[in-house]
Amino acid sequence: MRIGVFVCHCGSNIAGTVDCEKVAAAAKDFPDVVYSDDTMYACSEPGQQGIIEAVKEHKLTGVVVASCSPRMHEPTFRRAVERAGLNKYMFEMANIREHVSWVGKDKELNTNKAIDLVMIAAEKLRRDKPLISKKFDINKRVLIIGGGVAGIQAALDCADGGLEVVLVEKTTSIGGKMAKLDKTFPTVDCSSCVLGPKMVDVAQNPNITLHTYSEIEEVGGYVGNFEIKVKKKATFVDWEKCTGCGLCMEKCPSKKSFDYFNEGIGTTTAINIPFPQAIPKKAKIDADFCRKFTKGKCGVCAKICPTKAIDFEMKDEIITENVGAIITATGYDLFDFKKYAEYGAGKYPDVITSMQYERLMSASGPTTGHIKRPSDGKEPKNIVFIQCVGSRDKSVNRPYCSGFCCMYTAKQAILTKDHIPDSQSYVFYMDIRSPGKSYDEFVRRGIEEYGTEYIRGRVAMVYPVGDKLIVRGADTLAGSQVEVEADLVVLAVGAESAVGAPQLAETLRISYDTYGFYMESHPKLKPVETNTAGVYLAGACQGPKDIPASVGQGSAAAAKVLALFSKDQLESDPQTALVNAARCIGCYKCVETCPFGAIKEIEDRFGNAKAEVIETICQGCGLCSVTCPQSAIQLQHFTDNQILSEVKALCPSMMEKS
Amino acid sequence: MPVYDGKELRIIGFLCNWCSYAGADTAGVGRFQQPTDLRIIKVPCSGRIDPLFILKAFQGGADGVLVSGCHPRDCHYAEGNYYARRRLELLKRFLPVTGIDPDRFEYTWVSASEAPRWQHVVQTFTDRIHKLGPSPLLAAPLTDAEMAKLQSQVEAGSGCGCHK
Amino acid sequence: MLLSNKKEVVSGMNTYKIASVDAAFTAEVEERSGQIMSQCYQCGNCTAGCPYTFAYDIPVNQIMRLIQLGQRDTVLKCRSLWLCATCQSCTTRCPNNIDVAGVMDHLRHMAREQGYATEKNVKIFVDTFLESVEKYGRVFEMGLMTNYVKKTGRFWTDMDLAPKVLPKGKLPFKPHPIQGRGKIAEIFKRFREGQRK
Amino acid sequence: MTTQMTIPYYPGCSGKGTSKEYDLSTLGICEALGVDLVEIPDWNCCGSTPAHTVNHVLSCALSARNLALVSKMGFNEVTTPCPSCLTNLKVAEHKMHKESFRAETNALLDIPYEDDVEAKSVLQILYENVGTEAVAARVKKPLEGLRVACYYGCIMNRPPEVMDFDDPEHPMAMDHLMEALGAEVIPYPLKVECCGASYGITRRDIVSKLSGKLLEVAESLGVDAVVTACPLCQMNLDMRQSQINTDNGTNYNIPVFYFTQLMAKAFDLSYRIQGLNKLIVSPKTALARIGKVVEKPVEKVTEEAAEK
Ligand SMILES: Cc1cc2nc3c(=O)[nH]c(=O)nc-3n(C[C@H](O)[C@H](O)[C@H](O)COP(=O)(O)OP(=O)(O)OC[C@H]3O[C@@H](n4cnc5c(N)ncnc54)[C@H](O)[C@@H]3O)c2cc1C
Ligand SMILES: Cc1cc2nc3c(=O)[nH]c(=O)nc-3n(C[C@H](O)[C@H](O)[C@H](O)COP(=O)(O)OP(=O)(O)OC[C@H]3O[C@@H](n4cnc5c(N)ncnc54)[C@H](O)[C@@H]3O)c2cc1C
Ligand code: SF4
Ligand code: SF4
Ligand code: SF4
Ligand code: SF4
Ligand code: SF4
Ligand code: SF4
Ligand code: SF4
Ligand code: SF4
């Protein structure tokens, strides 16, 4: 074998703390290494060209690049190696940047470590074999989970691109948080005027299949061929028959049901359509409040319904959808404000959340857009907004900034002045975060034209005296304590990951961070991809995001899926398990172990029991290799031999013996 | 950040590609400084790690072996790390039989986002190995025959969940 | 409507020289209190909740800031230190879980060690209280008052209360020393010896 | 339905002086409820706030001596009515988990403190070990008609990591006990605000301002009385009420009870145990309300609204 080694400087990123020339020189003495050099930027066009030329000139049969993490540039170099005429698996990478130069300052120690890492890469490469990918057909349908604005955008873009779309939404209507908003920053246009038409488009687009009040139960398969089990939860109304006439809502006697859409401001009926613009506009019975379910008698809706749509016997139903790609757009949820006992949250009725305030301002809300405070229905004059409630607060385990609350508060203060001209808004803030196009100008307008009073400091407590709420905070710029007598206190509650987000991530086999937000494949270069092929992200499920950013990501994810589906076939990853039939004794321990059911029980032509791997299903985890008592099933590119060669390279005494 | 200047020990890490290797990358990107002793071998999944690899490493004179994978429930391959956990727990209990101090071996879970945690793991494990000093086995490494015997013992372990 | 805004006019700004940053002071406060000063992001919650802000010369969040800036003298000479009642409002509500009340306590210790006492009467009261404990093992409230008045040379401000309180028999005129009072005196003695070392 | 338990008792210095009635009523009601309080023999002063503002080792040594005495009695629990004493006992216990600190502290003591002794307030014992049901069962003369605000003081529940009892912002234990007596509890928003502590002597202006605020809000709620669990709070609000009135130009006349006094009253224990004659602001008018249920004026509105 003829190995070439290329050691990258990455400008000063590596060369700053690693002696790259020395590493290259040391590599010259490794077995089979016939060429070794250092290079300024290996991934740049001249860098790659240098590798290709060296392969040709020195008749190299394998290449080691010592540079950044393979998670960054392995595909880049594999392509380069392929262009040089080699099989792309005759390539190994030594990570001397993320694992060496960036985490240690001692140049000598770093250099030694880099040499070791190059050595194990070269040793493994000596045992690498060319692998050939197989092609397989893809199912050009896409599943989108979550029908907020991000999911809606992704669905429409995919459908426009000619794909069949399956949109699964947990609640009975699509629209997400945006459907609840009154007006949106920075243009202050009416939320439902912007979103409404898009929702209707979803309903009317023949390429989109909508499953609302549904959740993902199970995900099987792999990129190109996923098999999804969707649970359609029982609504107790036959949606084929329901016309959304709303007669049932008028007559239902259970009028004190919790109104989720209105965030508990006001109540609704047990059978309800959450809001007039709901898509689909269908009724659902809330069994927690329906008298038929809680007390065993009523059935008024069943009698009144002109289409006889009510079905108290309805059961959850599981359906199967086959798709080739998945976009998750499950959004976010809001911090439970009751954790702020010092603000009397959940205790004093006039201390409310920002989302409740949106509903109070909305023309379609329970007060038809008249701002009335919950306690006595009076119009508030002094309104205090408290920022960073459940954000940037380590004591409640939410150290991150929720990103959009500064902006929506600026908006809410401006709208408050529009609604109640003789009102005064106060905003207690720590920093104003408004880094978007026209955003800061918007905040300034609130201050300069609408007279919003910004007070720099947190609030320590809120307490009622008479029918007022005393807000006691600090003005750190003036260096003093400050008290405001408020009629209404609005808490800018932060965003947290959607309820059930970690469980869904586990079902999808994607990663999530400590707070339940989904992990992108690379924070800068792959912001909508995940580490699982064929699964993409859009919107606030990846981290708090406002509407423009969520929509942008929805479109980006759709573009990714369209690009994926632009080919008719995909190449399978050949790093799969392979059975050496001669050693296999047919014990089928591997079959039991494989989490993906990728191993078949077969008989060879003598009728002996053997195992066989279905390449397109095998995910390459290697569990079977460890299980097999005969070492008969080996994960290609990560065989026992290959891994042990790396171990040996690091252990001198073994080197001596072998 | 103490770096063990001039007297590095031989520590081998087996890291799964999806969580811990990515976590070590994230630590690099965040410049979370670490002692330099550790050398990382990438495997697709912690479930790919055969206890044999670890024994071989010790046999070859490694002073410490660290395994790190995805948190339970967070495995890219659904359940690989459950297998890993069973096997590695068993190995840990078997190590004394081999004369290897079980403190020289550790397995842990670090996700792709947990850069500070990775730094902490590397720091504390390296500290621990330095407290134990160089592996005494270097003087008299196990023979391959002894090795084979040991491996069969591990495999035959009563109620061994790892090779079910 | 802003109800109360303590200082009508914010007292003029001072110039502090970056060169005067005494990192050793910051480190000492961190070491003694076990709190990490850089974690304070100056949200002002401590000041907002502190019932004594109105009486402080420097609000507590600014004390935290001045520690970050290593302003030893300004901090140790401020009157606020002597007025903090350890009510724990700041500690309970700090979003960064900083034990602010604990920091104030440690600053008081440091101020005392350096001989600062900007609220003299508070210091005298504390000293008198502890003398009483040292002497009798328990506080002798009547004696405490008398000694305090003696030391401050101030007329007893609570004289108006005397006719109301005394007949209730709640203030014994004689101390109730404990049998082990020698032991308490020894605690103080050993403590002082330890301090000297 | 009485709980039988024995627990060492630390009365605190003020219990033997300015808060005598707290001490007496505590002992009285505990006996009535089957809780046997055994005073720690030869206990010493915990040093209150002055000690810990001077030095933590000294302060903890004073409390550790008391804890060691409890150990010597063969107990691992102690109770005290006073929140200030409670804090010192708990902090000493808490800090001495650290080896070096423990060694430093024990070096000041004759008998080192080596065990773990948990301190609990009398309020906590009554609420958790006895329970509101047993309290209600013992009531002979319910306090119906008496409208009270429960005021806990700043350090009874804070910081929560150390005190580890009840909600640090809206504690409810005393409220529930008062309800068990039949009293009408008006939610009091300043339950944990500081009253001015011991600055009455050195900085009377501070106490007048802070305690004045407490009385102002209590009066605005239309309560008949304030109920406390802290000798210092009680003293500031009761004994200094006339000073507060002078300094602030107000005219409050709100009696301030220890919660144990009202329990003794409802249990119909002896006058000596109730100790009502020790109060400075006369409780006569307030107590006359008992039995006369009146309409609620203010609170009703918001509660109904909350339901909506
Ligand atoms: C008070 C307030 C005011 C705001 N005002 C503005 C503004 O003026 N301008 C602006 O740009 N932004 C504003 N925002 C931010 C805005 O709400 C978000 O940017 C936007 O909603 C994000 O869209 P999304 O689709 O990612 O998530 P979401 O709107 O949260 O939608 C997610 C959807 O997924 C569904 N879902 C969740 N989990 C599952 C599951 N497991 N299976 C199936 N479905 C699931 C949910 O039911 C929901 O329908 C505001 C936010 C708040 C709190
Ligand atoms: C000092 C500094 C530090 C930064 N650090 C970071 C950081 O650490 N992390 C981060 O995320 N972001 C950072 N940024 C921001 C980052 O630079 C931008 O986000 C990013 O470069 C935007 O990429 P772009 O492709 O949109 O624009 P650009 O990088 O500006 O690329 C536009 C390209 O178009 C070309 N072009 C312009 N006009 C024409 C024309 N008429 N015809 C043809 N070609 C044209 C230009 O020559 C240029 O090559 C930093 C910015 C600055 C100023
Ligand atoms: S290959 Fe990696 S290390 Fe080298 S220049 Fe490119 S990014 Fe940097
Ligand atoms: S369930 Fe019947 S009554 Fe109700 S909206 Fe549907 S069609 Fe109308
Ligand atoms: S059966 Fe249930 S949903 Fe229907 S009208 Fe009666 S209460 Fe309402
Ligand atoms: S966006 Fe503003 S209000 Fe929201 S968490 Fe960030 S700083 Fe706080
Ligand atoms: S475990 Fe090994 S021997 Fe057994 S069936 Fe599978 S491949 Fe064959
Ligand atoms: S590597 Fe083995 S266990 Fe893993 S998916 Fe492939 S066949 Fe199944
Ligand atoms: S509350 Fe905490 S973070 Fe905020 S200013 Fe005070 S000490 Fe700093
Ligand atoms: S502990 Fe001291 S500084 Fe903190 S709030 Fe109370 S009085 Fe103010």
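Here the structure is a predicted model, which is why all the values come from computation and not from measurement.

Draft legend 1. Quick peek at the overall build of chain A. Along chain A, the regular secondary structure elements total 20 helices and 34 strands. Viewed in the frame of its principal axes, chain A has a C-alpha envelope of about 85 × 70 × 40 Å. The 658 residues of chain A split such that 59% are buried. For chain A, contacts bridging at least 24 residues in sequence account for 69% of all contacts bridging at least 6. Here chain A displays about 25,700 Å² of accessible surface, and carbon together with sulfur accounts for 51% of that area.

Draft legend 2. The side chain of E193 of chain D, seen in detail. Within the secondary structure, E193 of chain D sits in the loop between β6 (184-185) and α10 (199-202). There is a polar contact of 3.0 Å between the side chain of E193 of chain D and the side chain of R472 of chain A.

Draft legend 3. Highlighting the pattern of salt bridges. All names here are of chain A. Enumeration over the complete set of coordinates arrives at 71 salt bridges over all chains. With a shortest N-O distance of 3.0 Å, E483 and R472 are connected by a salt bridge. With E483 in strand β26 (residues 480-486) and R472 in strand β25 (residues 468-475), the pair connects residues that are 11 residues apart, well separated along the chain. Both residues of the pair, E483 and R472, count as buried.

Draft legend 4. Broad picture of the interface of chain C and chain D. Contacts between chain C and chain D engage 58 residues on the former and 60 residues on the latter. Around 5,200 Å² of area is buried between chain C and chain D when both sides are counted, 61% of it from carbon and sulfur atoms. The partner of D110 of chain D in a salt bridge is R190 of chain C, and the shortest N-O contact between them spans 2.8 Å. Every element with two or more residues in the side of chain C that touches chain D is listed here: α5 (80-83), α6 (89-93), α7 (100-113), α8 (120-136), α9 (141-152), α10 (162-165) and α11 (181-196) of chain C.

Draft legend 5. Expanded view of a positive patch on the surface. All names here are of chain A. Where like charges cluster on the molecular surface, the positive patch consists of K251, K255, R291, K295 and K297. With respect to the helices, strands and loops of the structure, K251 is situated in helix α9 (residues 247-251). When its relative accessible area of 44% is taken as the criterion, K251 is described as partly exposed.

Draft legend 6. Expanded view of helix α4 (residues 70-83) of chain A. With 14 residues, α4 of chain A extends 18 Å between its outermost C-alpha atoms, agreeing within 8% with the 20 Å of an ideal straight helix rising 1.5 Å per residue. Three or more residues of α4 of chain A are buried, namely P70, H73, E74, T76, F77, R78, A80 and V81 of chain A. Packed against the buried residues of α4 of chain A are α3 (45-57), β3 (62-67) and β4 (91-95) of chain A together with α1 (20-29) and β2 (38-43) of chain B.

Draft legend 7. Representation of the state of the cysteines. On inspection of all chains with the given rule, the structure shows two disulfides over all chains. Here C190 of chain A engages in a disulfide with C193 of chain A; their sulfurs sit 2.3 Å apart. Around the S-S axis, the bridge from C190 of chain A to C193 of chain A shows a dihedral of about 90° and counts as right-handed. With a sulfur-sulfur separation of 2.3 Å, C19 of chain B is cross-linked through a disulfide to C70 of chain B. With the S-S dihedral at roughly 95°, the linkage between C19 of chain B and C70 of chain B falls on the right-handed side. In this pair, C19 of chain B sits in the loop between β1 (11-16) and α1 while C70 of chain B sits in the loop between β3 (64-69) and α3 (80-98), placing the two residues 51 residues apart along the sequence. When its relative accessible area of 2% is taken as the criterion, C19 of chain B is described as buried.

Draft legend 8. The domain arrangement of chain A, seen in detail. Domain annotation for chain A reports domain 1 (3-127), domain 2 (141-233 + 316-331 + 498-564), domain 3 (247-304), domain 4 (335-496) and domain 5 (577-636). Here domain 1 of chain A and domain 5 of chain A have C-alpha centroids that lie 34 Å from each other.

Draft legend 9. Summary view of the packing of helix α12 (residues 354-361) of chain A against helix α13 (residues 405-419) of chain A. All names here are of chain A. Closest axis-to-axis distance for the α12/α13 pair is 11 Å, and the angle between their directions is 30°. Between α12 and α13, the angle is such that the two are roughly parallel. Here α12 and α13 pass one another in a crossing that is left-handed. Where α12 approaches α13, its residues S354, Y357, E358 and M361 are matched on the opposing element by Y408, K411, Q412, L415, T416 and H419. When its residues are assigned to classes, the contact of α12 with α13 shows four nonpolar, four polar and two charged.

Draft legend 10. Summary view of the interface of chain A and chain C. Taken together, the 28 residues of chain A in the interface contact 27 residues of chain C. Surface buried jointly by chain A and chain C totals about 2,300 Å² across both partners, of which 49% is contributed by carbon and sulfur atoms. Contact with chain C buries surface across chain A, with K394, Q481 and E483 of chain A losing the most and accounting together for 24% of the total. For the pair chain A and chain C, the number of links is nine residue pairs in polar contact (both at pLDDT 80 or more). Secondary-structure elements contributing two or more residues to the side of chain A that touches chain C are β23 (453-456), β24 (459-465), β25 and β26 of chain A. It is β26 of chain A that provides the largest number of residues to the side of chain A that touches chain C, a total of six residues. Across the side of chain A that touches chain C, the residue classes break down as 11 nonpolar, eight polar and nine charged.

Draft legend 11. Just the site of ligand 6, in detail. Lining the immediate environment of ligand 6, one finds Q387, C388, S391, R392, C401, S402, G403, F404, C405, C406, D431 and R433 of chain A. Partitioning the shell around ligand 6 into residue classes produces five nonpolar, four polar and three charged.

Draft legend 12. Seen up close, the sheet that holds strand β11 (residues 214-222) of chain A. Residue and element names in this part refer to chain A. Pairing is antiparallel in the open sheet, where three strands are placed in the order β11-β12-β17. A single partner strand is all that each edge strand has here, and the edge strands are β11 and β17 (317-323). Adjacent strand axes in the sheet meet at a mean angle of 20° when their direction is disregarded. The pairing of β11 with strand β12 (residues 225-232) spans eight bridges and is classified as antiparallel. Across the sheet, residue G221 finds its bridge partner in β12, namely F226.

Reading the values: the criteria
Residues numbered from 1 in each chain as written. Chains lettered and ligands numbered in written order. Predicted model: local features only at pLDDT ≥ 70, side-chain atom pairs only at ≥ 80, totals over all residues. Heavy atoms only, no water. Helix = DSSP H or I, 4+ residues; strand = E, 2+ residues; numbered from the N terminus. Buried < 20%, exposed > 50% of the residue type's maximum accessible area, 1.4 Å probe, protein only. Contact = heavy atoms within 4.5 Å. Areas by Shrake-Rupley, 256 points an atom, 1.4 Å probe, with all protein chains shown as cover. Polar contact = N/O pair within 3.5 Å; in protein donor to acceptor, adjacent residues only side chain to side chain. Salt bridge = Lys/Arg side-chain N within 4 Å of Asp/Glu carboxyl O. Buried area = accessible area lost by both parts, 1.4 Å probe. Patch = residues over 30% accessible without salt bridge, like charges linked within 9 Å, V, L, I, M, F, W, Y side chains within 5 Å. Lys, Arg positive; Asp, Glu negative; His and termini not counted. Charge placed at Lys NZ, Arg CZ, Asp CG, Glu CD. Expected span 1.5 Å × (residues − 1). Disulfide = S-S within 2.5 Å. Domains from an automatic or database assignment. Axes fitted to C-alpha atoms, helices over the stretch in contact; angles between N-to-C directions. Parallel < 35°, antiparallel > 145°, perpendicular 65-115°, else oblique. Left-handed = near helix turned anticlockwise from the far one by under 90°. Nonpolar A, V, L, I, M, F, W, Y, C, P; charged D, E, K, R; others polar. Near = heavy atom within 4 Å. Pairing = 2+ DSSP bridges.

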